[in-house]
Amino acid sequence: MSRARRLGLTLIAPLIAVVAAALVTSLVLLGVGESVGEFWAVVLSVPSSRLMVTIVNNASVLYLSGLAAAIGFRMNLFNIGVEGQYRVATFTGAYFAGLALLPGVLNTLVAIGVAMAAGAAWAGIAAVLRVTRGVSEVISTIMLNAIAGGLVAFLLRELGEQQGQIRRTTTIPESAWVPGIPLIPGEPSLVYGLALLALVAGVGYAVVLNRTRFGFDLRATGASETAAVASGVNVKRMTVAALLLSGAVAGLIGMPDLFGDSHAYGSTIQVGLGFTGIAVALVGRNHPAGIALGALIFAFLSVQSNALGIIAGISPEIVAVTQGVVVLSVVIAYEVVRRYQLRIEQTEVARALEREPAAGSEVGT
Amino acid sequence: MSTVAGASAPGAAGPPQPVGAAPRRSSPRSMLWVWLLLGLLALASARVLSGADDIDSPGTLGAALTLAIPIALAGLGGLWSERAGVVNIGLEGMMILGTLGAGYYTFHFGVWAGLLGAMAFGAIGGLLHGTATVVFGVDHIVSGVAINIIAAGAAAFLAEVFFSGLPGGGPTQSPALPNAPSFDVPILSGAASDLATKDWFVVSDAASVVAALTTDMSAFTLLALAAFAGTYWVLWHTPFGLRLRSCGESPTAAETLGVNVYRYKMIAVTASGALAGFAGCYLAVVASSGYANGQTGGRGYIGLAAMIFGNWRPGGLLTGSLLFGYTDAARLRSGGESVHALLLVVAAGLLVFALWQLRRARAAHAIGFAVAGGVVLFWFLAADTIPSDFTQMTPFVATLLVLALFSQRLRMPAADGQRYRRGEAG
């Protein structure tokens, strides 16, 4: 198959998915008697520069979340617990930074490390249960999500302080804040300074996965566990390592907002980022660039939909349907394209064999 | 402690069994009674020792049943689907669709139409999951995750459309819904309730159970129990059930015997969605008084865990659901105190398990369980109550503990979660 054709086939799947999602969303809106035209007019309008900054901020956070999920996916591990790891890690990081044990930037750096360790530890519970007791990580991480919610609420009550209506950890000293980056000239709102973490993590993900032995072992185990075992991979150790790494990256999700905007962990923390990350990883096919595209699309949709209620009188929740349909149709489309590719390859091989009938008969004689 | 699972799963890839410990054969049904009796005895002892009277009052047990049924129905949905080889983590989403369907149809057309509507909504989710996994061969977990996202979004969006203008309704909840008909068993109900208040060791506790089962029994609860009996009969005593289960064990073998594997899988997943829809309906109509956003609260996942706990069998699934329903009820009714008393039960269980491990000459395991039991016992003695945040986690921690202790004795259908394509049988 030619290179161009291969590329075309790779791009057609997301295209089908976007069209399908647009179609389903429009049909749902038609079904309940809302104006389809107004919906698309609002969602597809050019965002103001302030909203563009918000989109970039949300996308960077979603990208980290998508990476966390993708690390597990590459090894056929379903870390559904990104959400719980993110909550536990963000709380721990915020609490540690709020203690102000270290001066300035050192506090920031160590707090990020503490958050990553907390996320890894929370994922580690699932890893240990899987390798020692054979508990499926799907179920255990789902349970750990719920437990994380209760645990953090308890810790917030014990260790946090009341500020007006909400309960939050001690505010991080100003010396440890990370200043924002001006992305668009003349726009007062800034991109999170730690949005750069997403870039670093993305590059790290690509390098580790494609250029190191660890990454090779990880992908090999994901592709065929038996083959990996036969070539000397210690699957149990890889399972633990992959889940710890996934949890550590999940620990980064809350950092840009923590050090850039909210400066404390409070009951107003954004929930659901971990679940959206799973969706983003699926849309992006676990590819570092694909996940970035997925994160941008999801961030764009959620930010643009906020105006739906005010302008068009449509509930912004409809966008969750759009996002869900994107995920489902993209995985179906990839599967259909894969089968189609397989069939083309089979016909090509068959044709090549037909062209050299002599080779076949020589083997026979 | 786990003879039930051990007897039904002799081939499981568990730790090597000592030669002396031949698997004891006893019918699962008689073992169920033994377990229920032991549980009752443990609860009665804990009640007397800790003075937490609410841990097995008829009210708590009744609430336990009400909270167990949605979990059990979701798990039953999981059972249908996984017995046919399709892992269904979309149960949560199908349950959400069920609560929405129940809210809409019950408000407009009454309780029974609400049940049908909820099952239809759930079945749509099941059909979607089936189309993605069976027809297109998408990974089952991935499809399930996507369905959960779609269902949560669709429910939140449609709830606003359905309920916004209605009296007592709002963008996130339906108006109050009529409850399903319920009844008391005459004489028995009153007598048992009286006896339950007498505070006699074991006798009053047993009376509590009878009182809970005979007082204010909902028609939906009976229907749910009938669904269990029906599932057991259909899946294990009819040719249809045998074929369906063969699709979960070895689809290629089933194919060579002329079974239309795709059709059976689709039927199973659709039934699974309908049962999850029923679970959602029960939650909205019986366990609470109407639809509300986020009402399922992960119960679909707990149902899945209950099914795994039950070793992919209806009886075990029901036992697991009752266990989870009970921990949920204990926290709702005088939560801190009741869950605190339950710590004593858990500590005793862990210590007994440690002794059992010691008898089987596994010192390391024995020490581990003994230490865990000691810690829980210390916790029980040191504190008077448990913070509400911890009581909320109880069902989830219980699920994790149970899976950690028993998972190696479980055996799932052999081809569960695997992709299958027609015509690939050799």
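Placed above this text is the structure.
My aim in this report is to walk through the structure given alongside it, one point at a time. (Residues numbered from 1 in each chain as written. Chains lettered and ligands numbered in written order. Predicted model: local features only at pLDDT ≥ 70, side-chain atom pairs only at ≥ 80, totals over all residues. Heavy atoms only, no water.)

## Topic: the overall build of chain A
Thinking step 1. Scanning chain A from N- to C-terminus turns up 16 helices and two strands.
Thinking step 2. By principal-axis analysis of the C-alpha atoms, chain A measures approximately 90 × 55 × 40 Å.
Thinking step 3. Counting across all 365 residues of chain A, residues that qualify as buried make up 48%.
Thinking step 4. In the structure as shown, chain A presents an accessible area of about 16500 Å², 66% of it carried by carbon and sulfur atoms. (Helix = DSSP H or I, 4+ residues; strand = E, 2+ residues; numbered from the N terminus. Buried < 20%, exposed > 50% of the residue type's maximum accessible area, 1.4 Å probe, protein only. Areas by Shrake-Rupley, 256 points an atom, 1.4 Å probe, with all protein chains shown as cover.)

## Quick word on the overall build of chain B
Thinking step 1. Assigned secondary structure in chain B consists of 17 helices and two strands.
Thinking step 2. Its C-alpha atoms give chain B a radius of gyration of 22 Å, within 12% of the compact-globule value 22 Å for 426 residues.
Thinking step 3. Across its three principal axes, chain B shows a C-alpha extent of roughly 60 × 55 × 40 Å.
Thinking step 4. Relative to its 426 residues, chain B shows a buried fraction of 53%.
Thinking step 5. For chain B, contacts bridging at least 24 residues in sequence account for 78% of all contacts bridging at least 6.
Thinking step 6. Accessible surface, chain B as shown: approximately 17500 Å² in total, 69% of it carbon and sulfur.
Thinking step 7. Across chain B, the mean location of the 22 positive side-chain charges is 16 Å away from that of the 20 negative side-chain charges. (Rg over C-alpha atoms; globule rule 2.2 N^0.38 Å. Contact = heavy atoms within 4.5 Å. Lys, Arg positive; Asp, Glu negative; His and termini not counted. Charge placed at Lys NZ, Arg CZ, Asp CG, Glu CD.)

## A word on a nonpolar patch on the surface
Thinking step 1. On the surface, a nonpolar cluster with roughly 440 Å² of combined accessible area is contributed by Val34(B), Leu38(B), Leu41(B), Val48(B) and Phe201(B).
Thinking step 2. Of note, Val34(B) is situated in helix 2 (residues 28-50). (Patch = residues over 30% accessible without salt bridge, like charges linked within 9 Å, V, L, I, M, F, W, Y side chains within 5 Å. Salt bridge = Lys/Arg side-chain N within 4 Å of Asp/Glu carboxyl O.)

## What about the pattern of salt bridges?
Residues and elements named next belong to chain A.
Thinking step 1. Under the criterion given, the structure shown has eight salt bridges over all chains.
Thinking step 2. Close ionic contact of glutamate 83 with arginine 87 constitutes a salt bridge, the shortest N to O distance being 3.4 Å. Of the two residues, glutamate 83 and arginine 87 are both situated in helix 4 (residues 82-99); the distance of four residues between them amounts to about one turn of the helix. Across the pair, arginine 87 and glutamate 83 agree in class, each one buried.

## Some points on the environment of Ser272(B)
Thinking step 1. Turning to its location among the elements, Ser272(B) is positioned in helix 12 (residues 261-287).
Thinking step 2. A relative accessible area of 0% places Ser272(B) in the buried class.

## Focus on the interface of chain A and chain B
Thinking step 1. With 42 residues of chain A in contact, the opposing surface of chain B contributes 44 residues.
Thinking step 2. Both sides of the chain A and chain B interface together cover about 3700 Å² of buried area, and 78% of this is carbon and sulfur.
Thinking step 3. Looking at the side of chain A facing chain B, the largest losses of area belong to Arg133(A), Met143(A) and Arg339(A), adding up to 18% of the total buried there.
Thinking step 4. Here Glu335(A) and Arg419(B) are joined by a salt bridge, their closest N and O atoms 3.1 Å apart.
Thinking step 5. Every element with two or more residues in the side of chain A that touches chain B is listed here: helix 1 (3-31), helix 5 (104-133), helix 6 (137-159), helix 12 (273-283) and helix 15 (318-355) of chain A. (Buried area = accessible area lost by both parts, 1.4 Å probe.)

## Remarks on helix 1 of chain A
Thinking step 1. The terminal C-alpha atoms of helix 1 of chain A lie 43 Å apart, and with 29 residues this matches the ideal 42 Å at 1.5 Å per residue to within 8%.
Thinking step 2. Along helix 1 of chain A, the residues that are buried comprise Leu9(A), Ala13(A), Ala17(A), Ala21(A), Thr25(A), Ser26(A) and Leu29(A).
Thinking step 3. Buried residues in helix 1 of chain A make contact with helix 2 (36-43) and helix 15 of chain A together with helix 6 (140-163) of chain B.
Thinking step 4. Gly33(A) sits one or two positions beyond helix 1 of chain A and adopts a positive phi of about 80°. (Expected span 1.5 Å × (residues − 1).)

## Some words on the environment of Glu92(B)
All names here are of chain B.
Thinking step 1. Position of glutamate 92 relative to the elements: it lies in helix 4 (residues 91-109).
Thinking step 2. Accessibility expressed as a relative area gives 7% for glutamate 92, which makes it buried.
Thinking step 3. C-alpha of glutamate 92 to C-alpha of glycine 277: the two residues are 185 residues apart in sequence and 9.6 Å apart in space.
Thinking step 4. Leaving out residues up to four positions away in the same chain, glutamate 92 has contacts with Asn148, Thr296, Gly297, Gly298, Arg299, Gly300 and Tyr301.
Thinking step 5. A distance of 2.8 Å separates a polar side-chain atom of glutamate 92 from the backbone nitrogen of glycine 300. (Polar contact = N/O pair within 3.5 Å; in protein donor to acceptor, adjacent residues only side chain to side chain.)

## Some thoughts on the nonpolar core
Thinking step 1. Ranked by size, the top nonpolar core spans 196 residues in total, and within it Met143(A), Met255(A), Phe259(A), Ile318(A), Ile89(B) and Phe220(B) carry the most contacts.
Thinking step 2. Once residues lying within four places of it in the same chain are set aside, the contact partners of Ile89(B) are Val138(A), Ile142(A), Ile141(B), Gly144(B), Val145(B), Asn148(B), Tyr301(B) and Leu304(B).
Thinking step 3. In terms of nonpolar packing, the next biggest core, distinct from the first, is built from 24 residues, Leu43(B), Leu343(B), Ala347(B) and Phe353(B) among them. (Core = buried A, V, L, I, M, F, W, Y, C linked by side-chain atoms within 4.5 Å.)

## Some details on the packing of helix 4 of chain A against helix 5 of chain A
Residues and elements named next belong to chain A.
Thinking step 1. Orientation of helix 4 relative to helix 5, taken along the N-to-C sense of each, is 150°, at an axis distance of 8 Å. Considering only the axes of helix 4 and helix 5, their crossing is right-handed. Contacts from Gly84, Gln85, Val88, Ala89, Thr92, Gly93, Phe96 and Ala97 of helix 4 reach helix 5 at Asn107, Val110, Ala111, Val114, Ala115, Ala118, Gly119, Trp122 and Ala123.
Thinking step 2. In terms of residue class, the contact of helix 4 with helix 5 is made up of eleven nonpolar, six polar and no charged. (Axes fitted to C-alpha atoms, helices over the stretch in contact; angles between N-to-C directions. Left-handed = near helix turned anticlockwise from the far one by under 90°. Nonpolar A, V, L, I, M, F, W, Y, C, P; charged D, E, K, R; others polar.)

## Topic: the packing of aromatic side chains
Residue and element names in this part refer to chain B.
Thinking step 1. Evaluated as defined, the whole model comprises 18 aromatic pairs over all chains.
Thinking step 2. Centre to centre, the rings of tryptophan 112 and phenylalanine 220 are 5.4 Å apart; their planes meet at 70°, and the pair counts as edge-to-face. Placement of tryptophan 112 in helix 5 (residues 111-135) and of phenylalanine 220 in helix 9 (residues 219-237) is noted, with a sequence separation of 108 residues between them.
Thinking step 3. Residue class for tryptophan 112 comes out partly exposed when judged on its relative accessible area of 44%.
Thinking step 4. Residue phenylalanine 220 is classed as buried on the basis of its relative accessible area, which comes to 0%.
Thinking step 5. Centre to centre, the rings of tyrosine 262 and tyrosine 420 are 5.7 Å apart; their planes meet at 85°, and the pair counts as edge-to-face. With tyrosine 262 in helix 12 and tyrosine 420 in the segment after helix 17 (388-406), this pair connects stretches of sequence that are 158 residues apart. Taken individually, tyrosine 262 and tyrosine 420 each receive the classification buried, so the pair is uniform in this respect. (Phe/Tyr/Trp six-rings, centres within 6.5 Å; stacked < 30°, edge-to-face > 60°.)

Don't take any of this as a statement about function, it's just geometry.
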